[in-house]
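Residue-level listing of the chains:
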Amino acid sequence: MSRDTSVKIILFVFFAILCALILIPFYAVTIASFKPGEDLIRYGLNLSFDLSVMNFDNFVYLFSGNHAYFTWFFNSLLLTIVQVVLTLLVSATVAYGFSAYEFKGKNFLFICVLLIMMVPFEILLLPLYTLTHNIGLMNSYSAIVLPGIASAATIFFFRQYLRGVPKEIIAAGRVDGATEYGIYVRLILPVMKPSFAAMAILNGMNSWNNFLWPFMVLSDAGKYTLPIGLKTLLTPYGNNYDLLIVGSFFSILPIFILFVAFQKYFIDGMTAGAVKG
Amino acid sequence: MIKKFLYSQKVAPYVFVLPFILVFLFFWVYPLGSSFGMSFQKIQLGQEASWVGFSNYEKLMGDGVFLKAVTNSAVYMVLTLAVLIPFPMLFAVLINNKFMWGRDFFKSSFFFPALTSVVVAGTIFRLMFGEMEGSLINSVLAWFGIGPVKFLKGQVTGFVALVSLATWRWTGVNMLYFLAGLKNIPDEYYEAASIDGASSLQKFTRITMPLLKPTTIYVLTISIYAGLAMFIESMMLWNGNNSPKNIGLTIVGYLYRQGIEKNNLGYAAAVGIVLLAITMVINLTQLAFSGMFKKEE
């Protein structure tokens, strides 16, 4: 066996082991979702593939509709869609403003964008909470969507992307008599399409999984999103564990499917913010 | 008239960036300012606030629970940095090797945990690190003859669970960052080094590491932020904001406890300002040391 082949085998085995370690929790959840919740309480989450205790009861229960799971599911879906569409449109517009023009205060404003990326959002929890309370937006989706609408990370990404778009497009648009806004809508937005895909997926993933702020804002169980709903199932009583575990499994599923279909965009979106050397 | 004004090339940029200005003022400047103001007051929702000067801060300095929270957050940050920078970097270099089979599959599988919500991931880890003999981790330990460990009841073992969770979720993401950074290193450098007879280790320390510096700084910056601001992971592992003897309490957890659970808004605001100060000082020092500011055009 040549040296190259042995290097290949060693690397492959090494990564295969790491990969198995990383996938174990998913395997455990999948197995557990076929077992009764009381098993989970008695024996904990484990790897035992025991067909004698495994059945589809949890899945039947999940789809029986005797609980709010799918209300939460569709709330999350709705919120994610609204959040992604608004965030992308607003952030792209802002990014275009930063990339296409020289104007007074531009550098200062852009430093603000960068600073936001370094300030922990968590320290704003209390003032935002009192603000939301005072303007009467408690328990509303607007309170969740609005603060993130001009997302610093998304603006940053779009601006980086727009740097690669030739400025001649804008000049040509002006020569043809298009207005400043016409240029953006008709000439620039279409060019930005690929970057929209990456950001849609990244923002969608964040929004689907978002927990802390919605958890603080929403008080009405009918408005809960999926992560909040699942969190409320975490009580010491066995019955909920059936739904918790199968619900957790099912909450990963849509993202898994999206991920498999759009892998490239996930990975582009994730690495896009990274600084180029 | 108004239309002509709005459509001019001088005004248009402001129209484009207006949403950011509004969000920045309304959801960042104002809350930050009010947080700062609140930290000098005794303030509870639904009651008259009173000015108390620096007393919230003075109280914080002598507050053992707060110091515990700061220590926990700092230890968590250091541990996650120690794990989540060298290993992902090494894995990225290895997986980038031309001898690698199944690169895309491994990249995807490593990244996949990042897609799960903290709620779901935290629940899974809580159950995996359960104290029963049959729980995943304990059943593995049993093979080696180690008795069931009550992971979430001890300081060290609790942190093992916390750091495992972070490692599981973020190794793949950081690896992707490093892979993106590696793409920017021209192959010629390595070829030239090979001709000069450099070993693999030399190539790694003399070419890869220095040229990956911008990526490393980026990963370091976001990891410092994420480490210091960690909260929900702990909340999920201990099923609430109360861990035995506060072994899992973090700065944000304390902010949440004081502000939301105890309605001590002024005191909690002071916690937030301290967190902001710590984050900024560490990150700016780190950026200054790594020469990031000099590089800006």
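Residues numbered from 1 in each chain as written. Chains lettered and ligands numbered in written order. Predicted model: local features only at pLDDT ≥ 70, side-chain atom pairs only at ≥ 80, totals over all residues. Heavy atoms only, no water.

## A word on the layout of surface pockets
Counted as a void, the second largest pocket has a volume near 970 Å³. If you go around the second largest pocket, you meet 22 residues; those closest to its centre are V93(B), N97(B), K98(B), Y190(B) and K203(B). Listing elements by their share of the lining of the second largest pocket, those giving two or more residues are α1 (3–32) of chain A together with α5 (86–95), α9 (155–183), α10 (187–195) and α11 (200–211) of chain B. Per-element tally for the lining of the second largest pocket: the top contributor is α11(B), with five residues. In the lining of the second largest pocket, the residues fall into 11 nonpolar, five polar and six charged. (1 Å grid on protein atoms, 1.4 Å probe; cavity = no way out; pocket = protein on both sides within 12 Å on 5 of 7 lines; lining within 4 Å. Points joined across faces, edges and corners; volume = space filled by probe spheres on them. Helix = DSSP H or I, 4+ residues; strand = E, 2+ residues; numbered from the N terminus. Nonpolar A, V, L, I, M, F, W, Y, C, P; charged D, E, K, R; others polar.)

## Overview of the side chain of S195(A)
Residues and elements named next belong to chain A. Within the secondary structure, S195 sits in helix α10 (residues 180–209). Look at S195 and you get buried, because its relative accessible area is 1%. Look past the residues within four positions of S195 in its chain and what remains in contact with it is F157, F158 and Y161. (Buried < 20%, exposed > 50% of the residue type's maximum accessible area, 1.4 Å probe, protein only. Contact = heavy atoms within 4.5 Å.)

## Quick word on the nonpolar core
Counting 189 residues, the largest nonpolar core has Y96(A) and F20(B) as the members making the most contacts within it. Counting the residues that make up this core, at least three belong to each of domain 1 (1–60) and domain 2 (67–276) of chain A. Every residue in contact with Y96(A), bar those within four places of it in the chain, is listed here: Y101(A), L162(A), I170(A), I183(A), Y184(A), I188(A) and F16(B). (Core = buried A, V, L, I, M, F, W, Y, C linked by side-chain atoms within 4.5 Å. Domains from an automatic or database assignment.)

## Considering the pattern of salt bridges
Residues and elements named next belong to chain B. A full pass over the atoms with the stated rule returns six salt bridges over all chains. Two residues, E131 and K153, come together in a salt bridge whose shortest N-O distance is 2.9 Å. Of this pair, E131 sits in the loop between α7 (118–128) and α8 (136–143) while K153 sits in the loop between α8 and α9, placing them 22 residues apart in sequence. When its relative accessible area of 51% is taken as the criterion, K153 is described as exposed. Salt-bridge contacts for R169 lead to E233; the nearest nitrogen and oxygen are separated by 3.8 Å. Of the two residues, R169 sits in helix α9 while E233 sits in helix α13 (residues 232–237), which places them 64 residues apart along the sequence. E233 shares its class with R169; the two are buried. (Salt bridge = Lys/Arg side-chain N within 4 Å of Asp/Glu carboxyl O.)

## A closer look at the environment of W101(B)
Assignment of secondary structure puts W101(B) in the loop between α5 and α6 (103–111). With a relative accessible area of 38%, W101(B) lands in the partly exposed category. Discounting chain neighbours no more than four positions away, the residues touching W101(B) are K8(A), I9(A), F12(A) and F106(B).

## Here we look at the side chain of N241(B)
All names here are of chain B. Within the element layout of this structure, N241 appears in the loop between α13 and α14 (251–261). From its side chain, N241 meets the backbone oxygen of G253 in a polar contact 2.9 Å long. Those residues in contact with N241, other than ones at most four positions away along the chain, are F231, M235, L249, G253, Y256, R257 and E261. (Polar contact = N/O pair within 3.5 Å; in protein donor to acceptor, adjacent residues only side chain to side chain.)

## A word on the packing of aromatic side chains
Counted according to the given criterion, the structure contains 58 aromatic pairs over all chains. Plain terms: the ring middles of F26(A) and W168(B) are 5.2 Å apart, the flat faces sit at 45 degrees to each other, and that makes the pair tilted. Placement of the pair is F26(A) in helix α1 and W168(B) in helix α9, with the two residues belonging to separate chains. Take F26(A): its relative accessible area is 11%, and that puts it in the buried class. Under the relative-accessibility criterion, W168(B) is labelled buried at 6%. Ring centres 4.9 Å apart and planes at 20 degrees place the aromatic pair F211(A) and F215(A) in the stacked group. On the accessibility criterion, F211(A) (2% relative accessible area) is buried. Seen from the ring of Y267(B), K59(B) lies directly overhead, with NZ or CZ sitting 4.3 Å from the centre. (Phe/Tyr/Trp six-rings, centres within 6.5 Å; stacked < 30°, edge-to-face > 60°. Lys NZ or Arg CZ within 6 Å of the ring centre and 35° of its normal.)

## With respect to the UniProt feature "transmembrane region" (unreviewed entry) in chain A
Under the local residue numbering, the UniProt record ascribes the feature "transmembrane region" (unreviewed entry) to residues 9–34, 72–96, 108–129, 141–162, 183–202 and 243–262 of chain A. When the span residues 72–96 of chain A is considered, its composition is 100% helix and 0% strand, and the gap between its end C-alpha atoms is 35 Å. (UniProt positions renumbered as here; feature names shortened; annotations may be inferred.)

## Here we look at empty space enclosed by the protein
Counted under the stated rule, the structure contains three cavities of 30 Å³ or more. Quantified by volume, the largest cavity comes out at close to 70 Å³. In terms of lining, the largest cavity is formed by W208(A), N209(A), L226(A), P227(A), L230(A), S251(A), I252(A), I255(A), L115(B), T116(B), S117(B) and V120(B). Of all the elements in the fold, those that place two or more residues in the lining of the largest cavity are α10, α12 (226–232) and α13 (238–272) of chain A. Taken together, the residues of the lining of the largest cavity break down into eight nonpolar, four polar and no charged. In this structure, the second largest cavity occupies an estimated 50 Å³ of space. Surrounding the second largest cavity, Y96(A), S99(A), L162(A), V165(A), P166(A), K167(A), I170(A) and I188(A) form its lining. Grouping the constituent residues of the lining of the second largest cavity by class yields six nonpolar, one polar and one charged.

## Concerning α14(B)
The periodicity of an α-helix, 3.6 residues per turn, causes residues three or four positions apart to be oriented the same way. Among the 11 residues of α14(B), nine are classified as buried, and the element is accordingly described as predominantly covered. Residues of α14(B) that are buried: I251(B), V252(B), G253(B), Y254(B), L255(B), Y256(B), R257(B), Q258(B) and G259(B). Looking at the buried residues of α14(B), the elements they touch are α6 (125–134) and α11 (212–217) of chain A together with α3 (55–61), α4 (64–84), α12 (213–228) and α15 (265–289) of chain B. Trailing α14(B) by a residue or two, N263(B) shows a phi angle of about 55 degrees, which is positive.

## A look at the interface of chain A and chain B
Taken together, the 97 residues of chain A in the interface contact 90 residues of chain B. Interface of chain A and chain B: buried area, both sides summed, is about 8900 Å²; carbon and sulfur atoms make up 83% of it. If you look at where chain A meets chain B, you find zero salt bridges. Across the chain A-chain B interface, the total number found is 12 residue pairs in polar contact (both at pLDDT 80 or more). In terms of residue count, the dominant contributor to the side of chain A that touches chain B is α1(A) (18 residues). In terms of residue class, the side of chain A that touches chain B is made up of 73 nonpolar, 14 polar and 10 charged. (Buried area = accessible area lost by both parts, 1.4 Å probe.)

## Describing the environment of P166(A)
Residue position: P166(A) is located in the loop between α8 (152–163) and α9 (168–175). Residue class for P166(A) comes out partly exposed when judged on its relative accessible area of 44%.

## What about a nonpolar patch on the surface?
Taken together, the side chains of I9(A), F12(A), V13(A), I17(A), L21(A) and W101(B) define a hydrophobic patch exposed on the protein surface, amounting to about 540 Å² of accessible area. Mapped onto the fold, F12(A) is located in helix α1. On the accessibility criterion, F12(A) (34% relative accessible area) is partly exposed. (Patch = residues over 30% accessible without salt bridge, like charges linked within 9 Å, V, L, I, M, F, W, Y side chains within 5 Å. Areas by Shrake-Rupley, 256 points an atom, 1.4 Å probe, with all protein chains shown as cover.)

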